[in-house]
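Observations on the three-dimensional arrangement
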Amino acid sequence: MQKPPDNIHVRSATKGDFDALCALYHELNSEDLPATDALQRQTFADMLQQPGLTILVAERDCTPVATCTLVVVPNLTRGCAPYALIENVVTRAKHRGLGIGHCLMQAAIKKAFELGCFKVMLMSGATNRDAHRFYEGLGFQTTKTGFEIRAAGVPARKSGN
């Protein structure tokens, strides 16, 4: 991985990021289940207001090129220290390999620890070796086994991710 370009800025998403985020999420999963524009916009507004949830955006030259969602969860164990989950990590295909995703994830991890989280977790598709190397390069370790169950009608992504 090379040093990220100097013109990278990581920030929290705002309502003006809706279209750019939808385009990024399409790159994450082009075969995602459909939703109306109105439902997507309402869900995005709800996410922006959800306590403990932050959508982070990495910009290059003022254009969003990567994102992830950070969720901080209150917790009654570990001295009541919260934990964090990272989901929906994606970098535009033409910007991958430049260190932008690394910069974004470092910002998410830093934010989680600044908020007192005792750990940060994420899941990656079992066969997505490139993503595994990426996360390991950030310091993540395979210390647990992830499980999921999907609601009826929600297929797994074809790529296995």
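For the structure itself, consult the block above.
All figures in this text were calculated on a predicted structure; none of them were measured in a lab.

**Describing the overall build of the protein chain**
Across its full length, the protein chain carries four helices and five strands. Going from N to C terminus, the protein chain has its helices and strands arranged as β-α-α-β-β-β-α-β-α. Taken over the C-alpha trace, the protein chain has a radius of gyration of 16 Å; the compact-globule value for 161 residues is 15 Å, and the two agree within 12%. Across the 161 residues in the protein chain, those meeting the buried criterion constitute 34%.

**Let's talk about the packing of aromatic side chains**
On inspection of all chains with the given rule, the structure shows three aromatic pairs. Ring plane angle 55° and centroid distance 5.8 Å describe the contact between Phe18 and Phe44, whose orientation is recorded as tilted. In this pair, Phe18 is assigned in helix α1 (residues 18–28) and Phe44 in helix α2 (residues 37–49), connecting sequence segments 26 residues apart. When sorted by exposure, Phe18 lands in the same class as Phe44, which is buried.

**Some points on the packing of helix α3 (residues 100–114) against helix α4 (residues 129–137)**
In the contact formed by α3 and α4, the axes pass within 10 Å of each other and the chain directions differ by 55°. The angle between α3 and α4 places the two elements in the oblique class. Considering only the axes of α3 and α4, their crossing is right-handed. In this structure, α3 uses Gly101, His102 and Met105 to contact α4, whose residues at the interface are Phe134, Tyr135 and Gly137.

**Points about the nonpolar core**
Core analysis: the largest hydrophobic core is formed by 24 residues, its most contacted members being Cys68, Ala84, Ile86, Ile100, Met105, Tyr135 and Phe140. Considering every element that reaches this core, the biggest residue donor is α3, with six residues. Discounting chain neighbours no more than four positions away, the residues touching Ile86 are Cys68, Thr69, Leu70, Met105, Ala108, Val120, Met121, Leu122 and Phe140. Core analysis: the next-biggest nonpolar cluster, separate from the first, contains 10 residues, Ala13, Phe18, Leu24 and Phe44 among them.

**Things to note about the sheet that holds strand β5 (residues 120–122)**
Strand pairs in the sheet, formed through backbone hydrogen bonds, run parallel or antiparallel to each other. Read from one edge to the other, the open sheet built from five strands follows the order β1-β2-β3-β4-β5, with strand pairing classed as mixed. Each end of this open sheet is capped by a strand with a single partner; those strands are β1 (8–12) and β5. Looking at each pair of strands side by side, their axes are set apart by 25° on average, direction ignored. Bridge count between strand β3 (residues 63–73) and strand β4 (residues 83–91): seven bridges; the pairing is antiparallel.

Rules used throughout
- Residues numbered from 1 in each chain as written.
- Predicted model: local features only at pLDDT ≥ 70, side-chain atom pairs only at ≥ 80, totals over all residues.
- Heavy atoms only, no water.
- Helix = DSSP H or I, 4+ residues; strand = E, 2+ residues; numbered from the N terminus.
- Rg over C-alpha atoms; globule rule 2.2 N^0.38 Å.
- Buried < 20%, exposed > 50% of the residue type's maximum accessible area, 1.4 Å probe, protein only.
- Phe/Tyr/Trp six-rings, centres within 6.5 Å; stacked < 30°, edge-to-face > 60°.
- Axes fitted to C-alpha atoms, helices over the stretch in contact; angles between N-to-C directions.
- Parallel < 35°, antiparallel > 145°, perpendicular 65-115°, else oblique.
- Left-handed = near helix turned anticlockwise from the far one by under 90°.
- Contact = heavy atoms within 4.5 Å.
- Core = buried A, V, L, I, M, F, W, Y, C linked by side-chain atoms within 4.5 Å.
- Pairing = 2+ DSSP bridges.

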